[in-house]
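What follows is each chain in one-letter form.
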Amino acid sequence: MKTIKKVPLHEMIADELKRFITKHQLERGDRLPSVAELTTILGVGRSSIREGLRFLEAIDVIEVQNGKGIFVKDGDLLRIEAKIDVEKEKNYLLHISELRRALEGKAVELASQRATEQEILEMERLLDEAISLKDSGMDSAKVDWAFHKAIYKASHNPLLESVVESVTDTFHKQWNKPFGIDHIFEDTFPFHHTMLAGIKQRDTVYAIQEFNKIIDIVESTVRKIEEGRIKDG
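It should be emphasised that the depicted structure is a prediction, and the values quoted were computed from it without experimental measurement.

Cut-offs and rules
Residues numbered from 1 in each chain as written. Predicted model: local features only at pLDDT ≥ 70, side-chain atom pairs only at ≥ 80, totals over all residues. Heavy atoms only, no water. Pairing = 2+ DSSP bridges. Helix = DSSP H or I, 4+ residues; strand = E, 2+ residues; numbered from the N terminus. Contact = heavy atoms within 4.5 Å. Axes fitted to C-alpha atoms, helices over the stretch in contact; angles between N-to-C directions. Salt bridge = Lys/Arg side-chain N within 4 Å of Asp/Glu carboxyl O. Buried < 20%, exposed > 50% of the residue type's maximum accessible area, 1.4 Å probe, protein only. pLDDT = per-residue confidence, 0-100.

**Q** Just checking my understanding: could you explain the sheet that holds strand 1 (residues 31-32) for this structure?
**A** In a beta sheet, neighbouring strands are held together by backbone hydrogen bonds and run either parallel or antiparallel to one another. Reading across from one edge, 1-3-2 is the order of the 3 strands in this open sheet, with antiparallel pairing throughout. Edge strands, defined here as strands with exactly one partner in the open sheet, are strand 1 and strand 2 (62-65). Looking at chain direction, strand 1 and strand 3 (residues 69-72) are connected through 2 bridges and run antiparallel. Counted as the bridge partner of R31 is F71 from strand 3. Most of the contacts of helix 3 (residues 46-58) go to strand 2, to which it runs at about 120°, and overall it touches strand 2 and strand 3.

Right, dumping it as structure tokens:
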């Protein structure tokens, strides 16, 4: 069985507001109930309602006009669903990056101190294979993930490996065509090389620095995804 992902309250409220807009066939410029009215309708606190409204406002579904009310900015069901789905995926991927920065950052630190020559050779082989697959237009995700797993193994910390194993399915969200786009994080590959060079040279500071550049690019790419402009390749 798969782990059931906890849905944040503001996303649940956003979904309810989406259904309200659809049910009442509201269009651009139509007014939504007030915060006080929504509190009664949905049975949640004002702060939760405001958080849900901020979420929808951030993706241009509604517009909150101070002193005037809450107005529909986009009432199209398919576009609303697409915007919410994309925003959820963006947030989820950014949360994964935060977790990777903590766990894999530590693994990189330890690997730069503890990796054996054989483990470094294996990391080099996997990275070369991943880049070769990418350059050939083939799916490199599986081999790229194997490269990152090799770093955890080279940390020689069985507890760290165990923790990562427990969240492998979650981590795969960043490897398995996020937003349906192939090679979405291909700009990170040069820094895979420099990170590995740091590990190989036993330069912990440099290795971590280059690893953080990888995560910075991942997060920047995720934030740049715009609803309606997502294209494969």
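Moving on from the model shown.
**Q** Please clarify how the pattern of salt bridges should be interpreted in this entry.
**A** Once their charged atoms are close, side chains differing in charge can pair, the charge on each being opposite to the other. What the rule picks out here adds up to 12 salt bridges. We note a salt bridge from R101 to E219, for which the minimum N-O separation is 3.2 Å. You can see R101 sitting in helix 4 (residues 77-114) and its partner E219 sitting in helix 10 (residues 204-224), a full 118 residues away along the chain. A relative accessible area of 26% means that R101 is categorised as partly exposed. By relative accessible area, E219 is classed as buried at 11%. Across the pair R125 and E122 runs a salt bridge, and its minimum N-O distance is 2.9 Å. With a gap of 3 residues between them, R125 and E122 both fall in helix 5 (residues 117-135), about one helical turn apart. Take E122: its relative accessible area is 31%, and that puts it in the partly exposed class. Linked through salt bridges whose partners overlap, the residues forming this network are R101, D216 and E219.

**Q** What should I look at first to understand the environment of S47 in this one?
**A** Note that S47 resides in helix 3. Sequence separation between S47 and T188 is 141 residues, and the spatial gap between their C-alpha atoms is 39 Å.

**Q** What exactly am I supposed to notice about the confidence of the model for the protein here?
**A** Do not read the fine detail of predicted coordinates wherever pLDDT is low. Model confidence for the protein is summarised by a mean pLDDT of 87, while 91% of its residues fall at 70 or above. In this model, residues 227-233 is a region of pLDDT below 50 whose contacts with residues beyond four sequence positions or in other chains number 14 contacts.

**Q** How should I be thinking about the side chain of K134 in this particular structure?
**A** Mapped onto the secondary structure, K134 falls in helix 5. Excluding its chain neighbours within four sequence positions, the residues that come into contact with K134 are S140, H183, E186 and F189.

**Q** Explain the pairing of strand 3 here, please?
**A** The side chains of a regular strand alternate, first on one face of the sheet and then on the other. With burial as the criterion, each face of strand 3 is covered, one bearing G69 and F71 and the other bearing I70 and V72. Alignment of strand 2 against strand 3, held across 4 bridges, turns out to be antiparallel. Considered in strand 3, the bridge of I62 is made with V72. In textbook terms, the turn of a hairpin is the stretch between consecutive antiparallel strands, and for strand 2 and strand 3 this stretch comprises 3 residues, one of which, G67, has a positive phi near 80°.

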